[in-house]
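Inside the fold
Letter by letter, the chains look like this.
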Amino acid sequence: MVRLEEKATQREVLLGQVEGELAEKVESFKKVEEELTNNAANAYGEGFQDATAQFSYVHPKVNLSPFAESKCVIDDQLVLRE
């Protein structure tokens, strides 16, 4: 009976260690995910700005003020992204 209790205690200790490691990995994953999301958003924004700058260079008289990263075309209308 004592041997079973020792094994149960060892397993509880191991389970606690595994749960701690898992929590660390989850936290690390969330940080990396947030960083990658921010990097993707920044790249999208920079790409949009580069595209509008190039268009403005080729067509300097065109007013691009109605256009923004936060807008998209739905049913032939320029609307804010949801």
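Located above this text is the structure these notes cover.
All figures in this text were calculated on a predicted structure; none of them were measured in a lab. (Residues numbered from 1 in each chain as written. Predicted model: local features only at pLDDT ≥ 70, side-chain atom pairs only at ≥ 80, totals over all residues. Heavy atoms only, no water.)

A count of helices and strands for the protein gives one helix and two strands. Order of helices (α) and strands (β) in the protein, N terminus to C terminus: α-β-β. Relative to the globule expectation of 12 Å for 82 residues, the C-alpha radius of gyration of the protein, 27 Å, shows a markedly less compact shape. Its C-alpha atoms give the protein principal-axis dimensions of roughly 85 × 25 × 10 Å. Taken across its 82 residues, the protein has 4% of its residues classed as buried. (Helix = DSSP H or I, 4+ residues; strand = E, 2+ residues; numbered from the N terminus. Rg over C-alpha atoms; globule rule 2.2 N^0.38 Å. Buried < 20%, exposed > 50% of the residue type's maximum accessible area, 1.4 Å probe, protein only.)

This next bit is on the pairing of strand E2 (residues 77-80). Note on strand geometry: in a regular strand, side chains alternate between the two faces of the sheet. Direction of pairing for strand E1 (residues 71-74) relative to E2: antiparallel, over a ladder of four bridges. If you follow Cys72 over to E2, its bridge partner there is Val79. With antiparallel pairing between neighbouring strands as the criterion, E1 and E2 make up a hairpin whose turn holds two residues, including Asp75 at a positive phi of roughly 50 degrees. (Pairing = 2+ DSSP bridges.)

A word on the pattern of salt bridges. Side-chain pairs of opposite charge can arise whenever the charged atoms involved come near each other. Tallying each qualifying case throughout the model produces one salt bridge. Note that Glu6 and Arg3 form a salt bridge whose closest N and O atoms lie 3.6 Å from each other. Taken as a pair, Glu6 and Arg3 lie in helix H1 (residues 2-58) at a separation of three residues, close to a single helical turn. With relative accessibility at 39%, the residue Glu6 sits in the partly exposed group. (Salt bridge = Lys/Arg side-chain N within 4 Å of Asp/Glu carboxyl O.)

Here we take up unusual backbone geometry. Despite not being glycine, Asp75 shows a phi value in the positive range, around 50 degrees. Positive phi, close to 60 degrees, is recorded for Asp76, a residue that is not glycine. Tracing the backbone through its elements, the reader meets Asp76 in the loop between E1 and E2. Here Asp76 falls in the exposed class, since its relative accessible area comes to 77%.

So, on to a nonpolar patch on the surface. Together, Phe67, Val73 and Leu78 make up a nonpolar patch on the protein surface, roughly 290 Å² of accessible area in all. Structurally, Leu78 is set in strand E2. Here Leu78 falls in the partly exposed class, since its relative accessible area comes to 39%. (Patch = residues over 30% accessible without salt bridge, like charges linked within 9 Å, V, L, I, M, F, W, Y side chains within 5 Å. Areas by Shrake-Rupley, 256 points an atom, 1.4 Å probe, with all protein chains shown as cover.)

Let us now look at the environment of Val2. Tracing the chain through its elements places Val2 in helix H1. As for Val2 and Glu46, which are separated by 44 residues in sequence, their C-alpha atoms are 66 Å apart.

Examined against the element boundaries, Phe55 turns out to sit in helix H1. A relative accessible area of 37% places Phe55 in the partly exposed class. Non-local contacts of Phe55, meaning those with residues more than four positions away in its chain, are made with Val62 and Leu64. (Contact = heavy atoms within 4.5 Å.)

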